[in-house]
Amino acid sequence: MRVVSLGSGSSGNALLVEAGPQGRTKLLVDAGLSGSLLHERLRKVNVHPSQIQGVLVTHEHSDHVLGLPLLMKRYAIPVIADVHTCKAIEDGILSGSWRTDSGALVSTPSIDAPGAMALSTGPEIQKSQEPTRCMQPLSAGIRRMLGDIEVISFPISHDAIAPCGYLLTAGGCRICVVTDSGEVTAEMLTYIGKADLLIMEANHDRERLRRGPYPQMLKNRILSSTGHLSNDQTADAVLRTWRSDGVRWLWLAHISRTNNTPSLALKSVRTRLAAAGVNLAHIHISTLPPGMGSVWDSTQLWHTESLWEMSS
Ligand SMILES: [Zn+2]
Ligand SMILES: [Zn+2]
């Protein structure tokens, strides 16, 4: 399994997940980058949008769905999401606007806009005049095989219609994606605890948010149970599922540029884990930038100390 972060944060979220021989199954988790940016960042890892077999969508905020019109209309790529999220995406495409994470309205990008034709140079281009045909509803808790990857979604707590996280399994490795949630529920913990690679939001530092420039209403919304996770909430979730053979890689995602910094997120999470007695040598923690970010390859799993110890 190979995982590449193509972007993380309020400017756009997208993860590429590949599995199977020669990475033949290629999925995205969210596609919140403009069509041209998505195209450009996929090209950096030698993937053409037409090779994507599906996009798993967490929720309908624009920083998670902005690139969908390109993928659906030009390449007829299926969108897999909760049935209510599918409807919200469809409504956004039909009405021409989506909500941003902070509630503002933004226009749905048109793939027929000037400049968009530059994207039409890839192989096997299909055009779907009916993007709604691309929708494949997936209910929370239902397992589905998408090529070589087993997918299961679970509810999270955010002010969108039916927000969810995902647990993806392939070749005995598991990755869990949890971004945009105001709290960590017991159900979320059962999935978080199964991950080898956990990609989890560390959106803000509470104090920095409280003292920062955002209007009080927006601060209240971010701090609410349907807003975003703080550095401390994320560290606590990792602690509550901690086993020495549990999460080995932690990517801190969706980091606010105003109310957090990558070094503050890292320091907060590390300090809280260490204070609770976690040996930090057992977990690799890094932060995801708004641009191209980390690459994770599951073959790393077979080089970890404890697995060598187990086999000896
Ligand atoms: Zn978001
Ligand atoms: Zn959101």
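First things first, this report covers the structure right here in the doc. Keep in mind the model is a prediction, meaning the values are calculated, not measured.

The rules behind the values
- All chains use their own residue numbering, which begins from 1 and follows the written sequence.
- By the order in which they are written, chains take letters starting at A while ligands take numbers starting at 1.
- For a predicted model such as this one, the threshold for reporting local features is a pLDDT of at least 70, and the threshold for listing and counting side-chain atom pairs is 80 or more; totals across whole chains, interfaces and linings nevertheless cover every residue.
- The side-chain figures draw on all heavy atoms in the structure; neither hydrogens nor water molecules are used.
- Residues belong to one nonpolar core when they are buried, are Ala, Val, Leu, Ile, Met, Phe, Trp, Tyr or Cys, and are joined through side-chain atoms within 4.5 Å.
- Partly exposed residues are those whose accessible area sits between 20% and 50% of the maximum for their type, while under 20% is buried and over 50% is exposed, using a 1.4 Å probe and protein chains only.
- Numbered from the N terminus, helices here are DSSP runs of H or I no shorter than four residues, and strands are runs of E no shorter than two.
- Note on contacts: a residue pair is in contact if any heavy atoms of the two residues lie within 4.5 Å.
- Helix axes use the C-alpha atoms of the stretch in contact, all axes being lines fitted to C-alpha atoms, and the angles between their N-to-C directions lie in the range 0 to 180 degrees.
- By the definition adopted for this analysis, an angle is roughly parallel if under 35 degrees, roughly antiparallel if over 145, roughly perpendicular if from 65 to 115, and oblique otherwise.
- When the near helix sits turned anticlockwise from the far one by under a right angle, the crossing is termed left-handed; a clockwise turn instead gives a right-handed crossing.
- In this classification, the charged set is Asp, Glu, Lys and Arg, the nonpolar set is Ala, Val, Leu, Ile, Met, Phe, Trp, Tyr, Cys and Pro, and all remaining amino acids, among them Gly, are polar.
- Sodium, potassium and calcium take a 3.2 Å donor cutoff, other metals 2.8 Å, and in both cases only N, O and S atoms count; water is not among them, so sites may look incomplete.
- Angular criteria define each label, namely tetrahedral for four donors with all angles between 85 and 135 degrees, square planar for four and octahedral for six donors with opposite donors over 155 degrees apart and remaining angles between 65 and 115, and irregular for whatever fails these tests.
- Only when DSSP finds a minimum of two bridges between them are two strands counted as paired.
- When a carboxyl oxygen of Asp or Glu lies within 4 Å of a side-chain nitrogen of Lys or Arg, that pair is called a salt bridge.

1. What about the nonpolar core?
Across soluble globular proteins, nonpolar side chains show a tendency to be buried alongside one another. Judged by nonpolar contacts, the single largest core of 30 residues is most densely connected at Cys176, Ile192, Leu198, Met200, Leu250 and Leu252. Broken down by secondary-structure element, the contributors of at least two residues to this core are β10 (149-155), β12 (173-178), α5 (186-192), β13 (197-201), α8 (231-240), β14 (249-253) and α9 (262-275). If we ignore the near neighbours within four places in the chain, the residues touching leucine 250 are Leu198, Met200, Val238, Val269, Ile283, His284, Ile285 and Ser286. By size, the runner-up hydrophobic cluster in this structure holds 29 residues, among which are Leu38, Leu70, Ala81 and Cys86.

2. Things to note about the packing of α8 against α9
Where α8 meets α9, the axes come as close as 9 Å, and the angle between the chain directions of the two elements is 40 degrees. On the basis of the axis angle, α8 is oblique to α9. Note on packing geometry: the crossing formed by α8 with α9 is right-handed. Along its contact with α8, which presents Asn231, Asp232, Ala235, Asp236, Val238 and Leu239, the element α9 presents Leu264, Ala265, Ser268, Val269, Arg272 and Leu273. Along the lines of polarity and charge, the residues of the contact of α8 with α9 split into seven nonpolar, two polar and three charged.

3. Considerations on the coordination of the zinc ion (ligand 1)
At 2.1 to 2.3 Å from the zinc ion (ligand 1) lie its protein donor atoms, namely Asp63 (OD), His64 (NE2), Asp180 (OD) and His254 (NE2). Here the zinc ion (ligand 1) is ringed by four donor atoms whose angles at the metal span 92 to 161 degrees, and the overall shape comes out irregular. Counting residues between consecutive donors of the zinc ion (ligand 1) along the chain gives the motif D-H-x115-D-x73-H. If you look at the zinc ion (ligand 1) and the zinc ion (ligand 2), they sit 3.5 Å from each other and are both ligated by aspartate 180. Of the two residues, histidine 64 is situated in helix α2 (residues 62-65) and histidine 254 in the loop between β14 and α9; the sequence distance between them amounts to 190 residues. Across this residue pair, the class does not change: histidine 64 and histidine 254 are buried.

4. Description of the sheet that holds β10
Within the open sheet, the seven strands sit side by side as β9-β10-β11-β12-β13-β14-β15. Their pairing is mixed. Every interior strand has two partners, whereas the edge strands, β9 (144-146) and β15 (284-287), have only one. The mean inter-strand angle of the sheet, taken between neighbouring strand axes irrespective of direction, is 20 degrees. Its contacts with the sheet put α8 on β13 and β14, and the angle it makes with β13 is roughly 150 degrees.

5. Re helix α1 (residues 35-44)
All of the buried residues in α1 are Gly35, Leu38, His39, Arg41 and Leu42. One or two positions beyond α1, positive phi appears at asparagine 46, with a value near 60 degrees.

6. Considering the coordination of the zinc ion (ligand 2)
Metal coordination angles have textbook ideals: 109.5 degrees for a tetrahedral set of four donors and 90 or 180 degrees for an octahedral set of six. Each protein donor to the zinc ion (ligand 2) is listed here as His59 (NE2), His61 (ND1), Asp101 (OD), His158 (NE2) and Asp180 (OD); together their distances run 2.0 to 2.5 Å. Relative accessible area serves as the criterion here: at 0%, histidine 59 is assigned to the buried category. You can call histidine 158 buried: its relative accessible area is 4%.

7. Observations concerning the pattern of salt bridges
A complete count under the given rule lists eleven salt bridges for this structure. Here glutamate 150 makes a salt bridge to arginine 143, at a shortest N to O gap of 3.0 Å. Here the salt bridges share partners, and the residues they tie into one network are Arg2, Glu18 and Lys26.

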